[in-house]
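Structural overview for review
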Amino acid sequence: MNITIRQVSINDLDEVTRVEATCFPNAEAATRESFEQRIKTFPESFFIAELNGKIIGFINGCITNETVIYDELYKDASLHIPNGDYQTIFGIDVMPDYRNQGIAAQLMNYMIKFSSNSGRKGVILTCKDRLIHYYEKFGYVNKGISKSVHGGAQWYDMILKF
């Protein structure tokens, strides 16, 4: 599939919010206000996947010096450390009609390459048990059950060191 990956802009806010609401349960989905804060604070690490000018997915996350994601990072974009060591991934969203076609992998590979080229030490994320194997394919290592209680789910800390 011939998608375009580009940096987010504030003009994408409504569509990004709609995609998130489609892809995640209410308890886990970021709000419009949260996305607005993220787009204004760290657009350089927020990438959109488009097909024929239509947003079909995205990947985003702030930068931190921590090696695991903690819940406050999701809520407070001011915790972003522009020259920090680790790129976080808050989420990879792909609209249901476009799943299982390699789009999430393209977004992940784009973020990994961007992070490596930016001089980061690695990329961190949290995921549910059923996705550990998926992220291990990219080289992530499972660090065990996360302290995160985001959305009331059980998460696992994953790290990819460069």
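Residues numbered from 1 in each chain as written. Predicted model: local features only at pLDDT ≥ 70, side-chain atom pairs only at ≥ 80, totals over all residues. Heavy atoms only, no water.

**A word on unusual backbone geometry**
Filter applied, for reference: Under the scheme used here, helices are H or I runs from DSSP no shorter than 4 residues and strands are E runs no shorter than 2 residues, and both carry numbers assigned from the N terminus. Think of it in three bands: residues with accessible area under 20% of the maximum for their type are buried, residues over 50% are exposed, and the middle band is partly exposed, with areas taken using a 1.4 Å probe on protein chains only.
A positive phi is found at asparagine 52, a non-glycine position, where the angle reads about 50°. One can find asparagine 52 in the loop between strand E2 (46–51) and strand E3 (54–60). With relative accessibility at 78%, the residue asparagine 52 sits in the exposed group. In this structure, asparagine 100 is a non-glycine residue whose phi angle is positive, near 60°. For asparagine 100, the location among the structural elements is in the loop between strand E6 (91–94) and helix H4 (103–117).

**Remarks on the sheet that holds strand E5 (residues 86–89)**
Two modes of strand pairing occur in sheets, parallel and antiparallel, and in both the strands are linked by backbone hydrogen bonds. Note the cut-off: For two strands to count as paired, DSSP must find a minimum of two bridges between them. Between two residues, a contact is recorded if the distance between any of their heavy atoms is within 4.5 Å. For helices, the fitted axis covers only the stretch in contact; all axes are lines through C-alpha atoms, and the angles between them, taken along N-to-C directions, range from 0 to 180 degrees.
Read across the open sheet, the five strands follow the order E4-E5-E7-E9-E8; overall the sheet is mixed. In this open sheet, the two edge strands, each paired with only one partner strand, are strand E4 (63–64) and strand E8 (141–145). Here strand E7 (residues 122–127) runs beside strand E9 (residues 156–161); their pairing, made up of six bridges, is antiparallel. In the strand pairing of E9, valine 123 is matched with leucine 160. Each of E5, E7 and E9 is contacted by H4, which is oriented at about 160° to E5, the strand it contacts most.

**Re the sheet that holds E2**
With antiparallel pairing, the four strands of this open sheet are ordered in space as E1-E2-E3-E6. Each edge of the open sheet is held by one strand with a lone partner, namely strand E1 (4–7) and E6. Ignoring strand direction, the axes of neighbouring strands in this sheet form an average angle of 25°. The pairing of E2 with E3 spans six bridges and is classified as antiparallel. Across the sheet, residue alanine 49 finds its bridge partner in E3, namely glycine 57. Lying over the sheet, helix H1 (residues 13–23) contacts E2, E3 and E6, oriented at roughly 75° with respect to E3.

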